[in-house]
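Residues per chain, in single letters:
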Amino acid sequence: MPRDVSTPAGARAVTAVAPAKINLHLGVGDLRADGYHDLLTVYRAVDLWERVTVALVGGDSADGVGPDDDEVIVSGPGADQVPTGRSNLAARAVDLLRTEAGVQARLSIRIVKGVPVAGGMAGGSADAAAALVATDRLLGLGLGRAALEERAARLGSDVPFCIRGGTALGTGRGETLAPLLHARAEQHLVVALADGGLSTPVVFSELDRLRAEHGADRRAGGVEPLVEALAGDDPARVAGLLANDLEPAALSLMPALRRTLRAGAEAGALHGMVSGSGPTCLFFCADREQAIAVAAEVSETGVAREVRLTRGPVAGAHVIDNPQQTPEQ
């Protein structure tokens, strides 16, 4: 039997935020039989946020109400590129918890984009993470962090990390996490956004093609030196150990990114690389002042449609009491 919705203090809407992720290390193994690749990655959450509000619409319960009746509204940069049907990750997250709770209620899902769309920074995964946290609170489920991460893994490889935040080692498809609690030194970087996006599955397929044609090209070796460096406070040492096996594939599909990386190097960044599957490029800097200078120079070259400053690590997905509230750092 469907149950009535019971929410803390009679809440009718809950807003949660979740951060973008970057990969400080992204080692990609061979293609598996299940169509995925084994990954060895170091995730870091950075100060770019997705904001998701989940609200009850109409009565608390209704027969025959399902995900097709939900309202999904997306605003912010790149909103027109985000699906609003059942393929939307936030909508899938909401439906997963609603079904588990045995609740039949029409829900409104409002997403405000703050993470680049199709930019290799897990914006869709952050939507799902924020939606899980918001729906858990709205429906009064009381799921803990571990339970939310388990459900997040059903939705996508990056979703559990967007729940957790901070810095973590990811294995498997990236969904199995081990926190790196010692890695707390603040890191400043510049985000250079490209025109257009890259599909993550297409980038992985291109990597497989390049490896088949030219042999193994694994830039990301062992992760231990980076993990050790993250325990200290030397940005240059950390920058020298960053690596991304997907970068050659992203550059093959979008050669213009080479000019973006060159611009960042000429501007004095400690290190530049493609973020995840791209096409966003990241430039790691010694401090905020250098990041401001690098951002200004990269912007002047015209190689990016937008340049942003950010920093990490920051907290994972969490509820905010006021929709205008600043996320916890």
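In this text the structure is predicted, and so the values were computed from the model without any measurement.

### Thoughts on the pairing of strand β1 (residues 13-31)
Along β1, 16 of the 19 residues are buried, which leaves the element largely enclosed by surrounding structure. Sheet topology note: the β1/strand β2 (residues 37-57) ladder contains 16 bridges and is antiparallel. Of the residues in β2, the one forming a bridge with A16 is V52. What sits between β1 and β2 in their antiparallel hairpin is a turn of five residues, with G35 showing a positive phi close to 90°. Summarising the sheet, β1 and strand β12 (residues 318-320) pair through three bridges and their orientation is antiparallel. Residue A16 lies in a different strand from β12, and its bridge partner there is V319. Note: β1 against strand β8 (residues 243-244), two bridges, orientation parallel. Bridging from a neighbouring strand, H25 pairs with A243 of β8.

### Structural notes on the state of the cysteines
Taken as a whole and judged by the stated rule, the model has zero disulfides. In this structure C285 is not part of a disulfide, and its nearest cysteine sulfur, from C281, lies 13 Å away. On the basis of relative accessible area, C285 is assigned to the buried category, the value being 3%.

### Thoughts on unusual backbone geometry
Omega for the peptide link from G278 to P279 comes to 5°, which places this bond in the cis form. Here P279 shows up in the loop between β9 (271-274) and β10 (281-285). Cis geometry is found at the peptide bond from G312 to P313, where omega equals 5°. With respect to the secondary-structure elements, P313 resides in the loop between β11 (306-312) and β12. Positive phi, normally seen in glycine, also occurs at A118, with a value near 50°. Residue position: A118 is located in the loop between β4 (106-112) and α2 (123-138). A118 sits in the partly exposed class, given a relative accessible area of 36%.

### Quick look at helix α10 (residues 288-301)
Counting along an α-helix, one turn takes 3.6 residues, and residues three or four places apart therefore face a common direction. For α10, built from 14 residues, the straight-helix expectation of 20 Å at 1.5 Å per residue is met to within 8% by its first-to-last C-alpha distance of 20 Å. When α10 is considered as a whole, its buried residues turn out to be A291, V294, A295 and V298. Down the axis of α10, the buried set is contained in an arc of 105°. They therefore lie on one face. Those residues of α10 that are exposed and angled more than 90 degrees off the buried face are E289 and E300. A distance of 3.3 Å separates the backbone nitrogen of E289 from a side-chain oxygen at the start of α10, and that oxygen is part of D287. Taken from the residues just after α10, G302 is the one with a positive phi, measuring 75°.

### Quick notes on α2
Compared with an ideal rise of 1.5 Å per residue, which puts 16 residues at 22 Å, α2 spans 22 Å between its outermost C-alpha atoms and is within 8% of the ideal. When you tally the buried positions in α2, you get 14 out of 16 residues, the bulk of the element.

### Examining the pattern of salt bridges
The full count for this structure, using the stated rule, is 17 salt bridges. Salt-bridge contacts for E50 lead to K113; the nearest nitrogen and oxygen are separated by 2.5 Å. Pair noted here: E50 is in strand β2 and K113 is in the loop between β4 and α2, with a separation of 63 residues, a long-range link. The exposure classification of E50 matches that of K113, with both residues buried. R98 is the salt-bridge partner of D95, the closest N and O atoms lying 3.1 Å from each other. With D95 and R98 both in helix α1 (residues 89-101) and three residues apart, this pair spans about one turn of that helix.

### Let's talk about the sheet that holds β10
Paired through backbone hydrogen bonds, the strands of a sheet run either parallel or antiparallel to each other. The four strands lie next to each other as β9-β10-β7-β11, forming an open sheet whose pairing is antiparallel. Here the strands that pair on one side only, and so sit at the sheet edges, are β9 and β11. Within the sheet, the average angular offset between the axes of one strand and its neighbour, ignoring direction, is 25°. Pairing of β9 with β10, which is carried by four bridges, proceeds in the antiparallel orientation. The residue bridging G272 from the neighbouring strand is F283, located in β10. In this fold helix α9 (residues 257-266) packs onto β7 (187-193), β9 and β10, with an angle of close to 10° to the strand it touches most, β10. Against the sheet, α10 touches β7, β10 and β11, its axis set at about 160° to β11.

What counts and what doesn't
- Residues numbered from 1 in each chain as written.
- Predicted model: local features only at pLDDT ≥ 70, side-chain atom pairs only at ≥ 80, totals over all residues.
- Heavy atoms only, no water.
- Buried < 20%, exposed > 50% of the residue type's maximum accessible area, 1.4 Å probe, protein only.
- Helix = DSSP H or I, 4+ residues; strand = E, 2+ residues; numbered from the N terminus.
- Pairing = 2+ DSSP bridges.
- Disulfide = S-S within 2.5 Å.
- Expected span 1.5 Å × (residues − 1).
- Arc of directions from axis to C-beta.
- Polar contact = N/O pair within 3.5 Å; in protein donor to acceptor, adjacent residues only side chain to side chain.
- Salt bridge = Lys/Arg side-chain N within 4 Å of Asp/Glu carboxyl O.
- Axes fitted to C-alpha atoms, helices over the stretch in contact; angles between N-to-C directions.
- Contact = heavy atoms within 4.5 Å.

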